[in-house]
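For reference, the chains in residue letters:
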Amino acid sequence: MEEQNKEKNLMTIIDQDGTEEEVEVIIAFKFKDTNKEYIIYTKNERDDKGLITVYISNVDRSSGSTKLYGVDDENEWNRIKDVLRELSKSEQ
């Protein structure tokens, strides 16, 4: 059996209090019709059911530096969930 060595796509985020943390990027994508960019990443934490916790952020590059924001629009959130469903199908 051949072992696959998948390289992790890592990035460093800085939270509001200035603490740096390395996270693993699962996928980054942009909706062409809205031109909004999103990133799904993990800190490889597991919840009480043993599932890996993922984080989803809106990427804003308008200020010259990249900033991550939460998703608070229900329509956007539904579209992101569709992306997650497609991603989980392709992983099976």
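Residues numbered from 1 in each chain as written. Predicted model: local features only at pLDDT ≥ 70, side-chain atom pairs only at ≥ 80, totals over all residues. Heavy atoms only, no water.

Okay, the overall build of the protein next. For the protein, the helix and strand inventory stands at 1 helix and 5 strands. By its C-alpha atoms, the protein is 50 × 30 × 30 Å across when sized along the principal axes. Here the protein, with 92 residues, has 21% of them falling under the buried criterion. Partitioning the intrachain contacts of the protein with sequence separation of at least 6 by distance along the chain shows that 21% fall at a separation of at least 24. Summed over all atoms, the accessible surface of the protein reaches about 7,600 Å², with 44% contributed by carbon and sulfur. Positive and negative charge centroids in the protein, built from 14 and 22 side chains respectively, lie 5 Å apart. (Helix = DSSP H or I, 4+ residues; strand = E, 2+ residues; numbered from the N terminus. Buried < 20%, exposed > 50% of the residue type's maximum accessible area, 1.4 Å probe, protein only. Contact = heavy atoms within 4.5 Å. Areas by Shrake-Rupley, 256 points an atom, 1.4 Å probe, with all protein chains shown as cover. Lys, Arg positive; Asp, Glu negative; His and termini not counted. Charge placed at Lys NZ, Arg CZ, Asp CG, Glu CD.)

Of the pairings in the sheet, the one linking strand 1 (residues 10-14) to strand 2 (residues 20-31) comprises 5 bridges and is antiparallel in character. Bridge assignment links Met-11 to a residue of strand 2, and that residue is Val-23. (Pairing = 2+ DSSP bridges.)

Looking now at the nonpolar core. Counting residues in hydrophobic clusters, the biggest one holds 7 residues: Phe-29, Phe-31, Tyr-38, Ile-40, Ile-56, Ile-80 and Val-83. Not counting residues up to four positions away in its chain, the partners in contact with Val-83 are Phe-29 and Phe-31. (Core = buried A, V, L, I, M, F, W, Y, C linked by side-chain atoms within 4.5 Å.)

Strands sit in the order 1-2-3-4-5 across an open sheet of 5 strands; the sheet is antiparallel. Of all the strands in the sheet, just strand 1 and strand 5 (67-69) have a single pairing partner and so form its edges. Recorded for the sheet is a direction-independent mean angle of 50° between the axes of neighbouring strands. In this structure, strand 4 (residues 52-60) lies alongside strand 5, joined through 3 bridges in antiparallel fashion. Bridge assignment links Asn-58 to a residue of strand 5, and that residue is Tyr-69. (Axes fitted to C-alpha atoms, helices over the stretch in contact; angles between N-to-C directions.)

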